[in-house]
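# Examination of the molecular architecture
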Amino acid sequence: MTDDRSVFEYKIGLLAPSRVGKSTLIASLLTEGQQLLARDSSVHLLTADRPTAHRLAAAYNLVSGALKARVFQPGLVPSTSDPSWFRLLLEARGQGLQIRFNILDYPGAWLEGAGEGTEDEQKWSECEAFLADSSVLILPIDSVLLMDAGDDHAHLLAAHLSVFQINQAVLRWAKNRRELAGEPAMIVFCPVKCETYLSDSGGLQDQAGALRGKVVDQFSEVLKTVREAAPHAAIRYLPIDTFGCVELVSARWLHAEASPGSEILVPKYRVRPPGQIVRKGLDDLITLLCRQLVDTARTQSERTTATRQTVALHSRSYAEVREGFFRDLWLSFNGERDRRKRAADSDALLFTESQRTTQSLFDVLTALAARESGPRLHHLS
Ligand SMILES: Nc1nc2c(ncn2[C@@H]2O[C@H](COP(=O)(O)OP(=O)(O)OP(=O)(O)O)[C@@H](O)[C@H]2O)c(=O)[nH]1
Ligand SMILES: [Mg+2]
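Definitions and limits used
- Numbers given for residues are sequential positions, taken from 1 along each chain in its written order.
- Chain labels run from A onward and ligand labels from 1 onward, assigned in the order the entries are written.
- Only residues with pLDDT of at least 70 get local features here, since the model is predicted, and only at 80 or more are side-chain atom pairs given and counted; chain-wide, interface and lining totals rely on the full set of residues.
- Calculated side-chain values reflect all of the structure's heavy atoms, with hydrogen atoms and water omitted.
- The working definition used for a salt bridge is a side-chain nitrogen of Lys or Arg within 4 Å of a carboxyl oxygen of Asp or Glu.
- What counts as a helix is a DSSP run of H or I of at least four residues, what counts as a strand is a run of E of at least two, and both are numbered from the N terminus.
- Throughout, exposure labels follow a simple rule: accessible area from a 1.4 Å probe, protein chains only, divided by the maximum for the residue type, with under 20% read as buried, over 50% as exposed, and the rest as partly exposed.
- The nearness test applies per residue and asks whether one of its heavy atoms lies within 4 Å of the molecule or strand.
- Any N or O atom pair separated by 3.5 Å or less is treated as a polar contact, with the protein-specific requirement of one donor-capable and one acceptor-capable atom, and with residues adjacent in sequence counted only for side-chain atom pairs.
- Using a 1.4 Å probe, accessible areas were evaluated by the Shrake-Rupley method; residue-level cover was limited to the displayed protein chains.
- With a 1 Å grid laid over protein atoms only, a set of points is called a cavity when a 1.4 Å probe fits there but cannot get out and a pocket when it is open yet has protein on both sides within 12 Å along at least five of seven lines; lining residues have an atom within 4 Å of a point.
- Here the criterion for a molecule occupying a pocket or cavity is that more than half of its atoms lie within 2 Å of the pocket grid points.
- Charged means Asp, Glu, Lys or Arg here, nonpolar means Ala, Val, Leu, Ile, Met, Phe, Trp, Tyr, Cys or Pro, and polar covers whatever is left, Gly included.
- Distances define the donors: N, O and S atoms within 2.8 Å of the metal qualify, as do those within 3.2 Å of Na, K or Ca. Water is excluded, so some sites may look unfinished.
- In plain terms, two cysteine sulfur atoms within 2.5 Å form what is called a disulfide here.
- By definition, no residue in a patch forms a salt bridge, and every one has over 30% relative accessible area; like charges are joined within 9 Å, nonpolar side chains (Val, Leu, Ile, Met, Phe, Trp, Tyr) within 5 Å.
- Here, a strand pair is defined by DSSP locating no fewer than two bridges between the strands.
- Grid points are joined across faces, edges and corners, and a volume is the space filled by probe spheres set on the points.
- Orientation is described by lines fitted to C-alpha atoms, with helices fitted over the stretch in contact, and by angles between N-to-C directions that extend from 0 to 180 degrees.
- In what follows, roughly perpendicular refers to angles from 65 to 115 degrees, roughly parallel to angles under 35, roughly antiparallel to angles over 145, and oblique to any angle outside these ranges.
- A clockwise turn of the near helix away from the far one marks a right-handed crossing, whereas an anticlockwise turn of less than a right angle marks a left-handed crossing.
- In what follows, a contact means two residues having at least one pair of non-hydrogen atoms within 4.5 Å.
- For our purposes a nonpolar core is just a set of buried Ala, Val, Leu, Ile, Met, Phe, Trp, Tyr and Cys residues, chained together by side-chain atoms within 4.5 Å.

## Quick notes on the pattern of salt bridges
Applying the stated rule across the entire model yields 13 salt bridges. The closest approach of N and O atoms between Asp 82 and Lys 123, which form a salt bridge, is 2.8 Å. Here the residue Asp 82 occupies a position in the loop between α2 (50–68) and β3 (84–92), and Lys 123 occupies one in helix α4 (residues 119–133), the gap between them amounting to 41 residues. Residue class for Asp 82 comes out partly exposed when judged on its relative accessible area of 37%.

So this is what it looks like as structure tokens:
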């Protein structure tokens, strides 16, 4: 909790190399969350600051405009050039209660190892610190790379997926989480760009099992790291479609000097009419986040309430304590007794408010956490 006024703050980190879909995933969280809460008038999700609002609006317009025009190219969304923070607020209306999700976006190339020896290195170490300190780590994974790389290029997969770099970052995170055992710890493996492989988004064949098998195989070291360094952490698997209405036409390896093996896999898509975004899996991601956070929020909030109760009880007994006939007369005469009573009243009010906040916080998170998850979600721990 950041201050006494019921703002709960959670850090969410994303770990993926360049061009996988980090920025797109973050941009979709707001819209999906708002849709999820559309029928609930007591809770709303909004952007916490103007830069976040601008970035999300730009990303949404870019993608939805292109899909409506039936144009979808891999280079459509520009690569992120600088770290930026997305701040979303979940608010219980009229309660002054807020849960703030802080999500860091950064150029995935930095994770791969680019930008050494420049000012970027300093910025990247700040990003690393944020990632290591996050309550939740989301790992977007390029499904096309896993499913359509072909046998000839199978040996390049680990390098293109940045498995080593991800493992290093996860190890640092897991060790941190182990030390903060009372805080949430969750890692979510999220294959993206999987519209073609999953039948529930219109794919012609159901390759859900094969996709999961490949993720578990390629990231087996990362799974081992989490299980050993932070055994209490929840490990989840959840494929996500951020567009849903596109379909892979081909994936070809092209020459690219800076890429591992000097090659890069370039997918080509066609847009399924009417070109309207049909997201899948993001609702489950939001539910997962809420479930994970509800217990921690409860502990934090109850701790504040308990402190305030102790303070309130102490102030009351201090206000009413008898100190002898002449001393009591003096306390009334100089106004000290009244001052103590006013202090006790204000501490009692703080305690009552704190209790109310605890309850409304629960109502918000529990309602979201209680949503039934879809068939895409799997537990890996
Ligand atoms: N088909 C498909 N394409 C996606 C999906 N998510 C992202 N993309 C596309 O993948 C490309 C890269 O997405 P970004 O969100 O920019 O990736 P990033 O991880 O932020 O990349 P950097 O900023 O370079 O680190 C863009 O062209 C997106 O439109 C998805 O779920 N399905
Ligand atoms: Mg980006």
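## With respect to unusual backbone geometry
With an omega of 5°, the peptide bond between Pro 273 and Pro 274 qualifies as cis. Following the sequence through the fold, Pro 274 ends up in the loop between β9 (263–271) and α10 (282–320). Unlike most non-glycine residues, Arg 19 shows phi in positive territory, near 65°. Phi is positive for Ser 262, which is not a glycine, with a value near 55°. Summarising the element assignment, Ser 262 is placed in the loop between β8 (246–255) and β9. Among the residues examined, Ser 262 registers a relative accessible area of 23% and is labelled partly exposed.

## Let's talk about the site of ligand 1
Taken together, the neighbourhood of ligand 1 is formed by 24 residues, with Thr 24, Pro 74, Ser 79, Glu 195 and Thr 242 sitting nearest. With respect to ligand 1, the side chain of Thr 24 contributes an N or O atom lying 2.4 Å from an oxygen atom. Residue Thr 242 places a side-chain N or O atom 2.6 Å away from an oxygen atom belonging to ligand 1. Here ligand 1 has 650 Å² of accessible area as a free molecule, and 99% of this is covered by the chains. With respect to the detected pockets, ligand 1 is housed in the largest pocket. For the shell around ligand 1, the leading source of residues is helix α1 (residues 22–36), giving 3 residues. By residue class, the composition of the shell around ligand 1 is 11 nonpolar, 9 polar and 4 charged.

## So, the coordination of the magnesium ion (ligand 2)
Ligation of the magnesium ion (ligand 2) by protein atoms is provided by Ser 23 (OG) and Thr 80 (OG1), these donors lying 2.0 Å from the ion. With Ser 23 in helix α1 and Thr 80 in the loop between α2 and β3, this residue pair connects regions lying 57 residues apart in the sequence. For Thr 80, a relative accessible area of 22% puts it in the partly exposed group.

## Overview of the state of the cysteines
Tallied over the entire structure, the rule returns 0 disulfides. Cysteine Cys 190 remains unbridged, with the sulfur of Cys 194 as its closest cysteine sulfur at 9.2 Å.

## Let's talk about a nonpolar patch on the surface
On the surface, a cluster of nonpolar side chains totalling about 190 Å² of accessible area is made up of Leu 254, Ile 264 and Val 266. Topologically, Leu 254 is positioned in strand β8. What makes Leu 254 partly exposed here is its relative accessible area of 37%.

## A closer look at the pairing of β3
Counting buried positions over the 9 residues of β3 gives 7, a clear majority of the element. Bridge count between strand β2 (residues 43–47) and β3: 5 bridges; the pairing is antiparallel. Bridged to Val 43 within β3 is Ala 92.

## So, empty space enclosed by the protein
Enumeration over the complete set of coordinates arrives at 2 cavities of 30 Å³ or more. Approximately 140 Å³ is the volume attributed to the largest cavity. Taken together, 14 residues line the largest cavity, and the ones lying closest to its centre are Leu 45, Leu 88, Phe 101, Ile 286 and Leu 289. A per-class count over the lining of the largest cavity returns 13 nonpolar, 1 polar and no charged. Empty space within the second largest cavity amounts to approximately 30 Å³. Forming the walls of the second largest cavity are Pro 17, Val 20, Pro 140, Ile 141, Asp 142, His 160, Leu 161 and Phe 219. Among the secondary structure elements, those contributing two or more residues to the lining of the second largest cavity are β5 (136–142) and α6 (157–161). Here the element with the most residues in the lining of the second largest cavity is β5; it accounts for 3 residues.

## Some points on the packing of helix α7 (residues 163–179) against helix α9 (residues 220–229)
The N-to-C vectors of α7 and α9 enclose an angle of 10°; their axes lie 9 Å apart at closest approach. In terms of their interaxial angle, α7 and α9 are classed as roughly parallel. Crossing handedness for the pair α7 and α9: right-handed. Facing α7, whose interface residues are Val 163, Ile 166, Asn 167, Val 170, Leu 171, Trp 173, Ala 174, Lys 175 and Arg 178, α9 presents Glu 221, Val 222, Thr 225, Val 226, Glu 228 and Ala 229. Per-class residue counts for the contact of α7 with α9 are 9 nonpolar, 2 polar and 4 charged.

## Describing the nonpolar core
Core analysis: the largest hydrophobic core is formed by 55 residues, its most contacted members being Leu 15, Ile 187, Phe 189 and Phe 219. With 6 residues, α7 is the largest single contributor of residues to this core. Aside from chain neighbours lying at most four places away, what touches Leu 15 is Tyr 106, Leu 111, Leu 131, Leu 137, Ile 138, Leu 139, Pro 140, Ile 166, Ala 169 and Val 170. Ala 27, Phe 86, Leu 285 and Leu 288 belong to the second largest nonpolar core, which has 40 residues in total.

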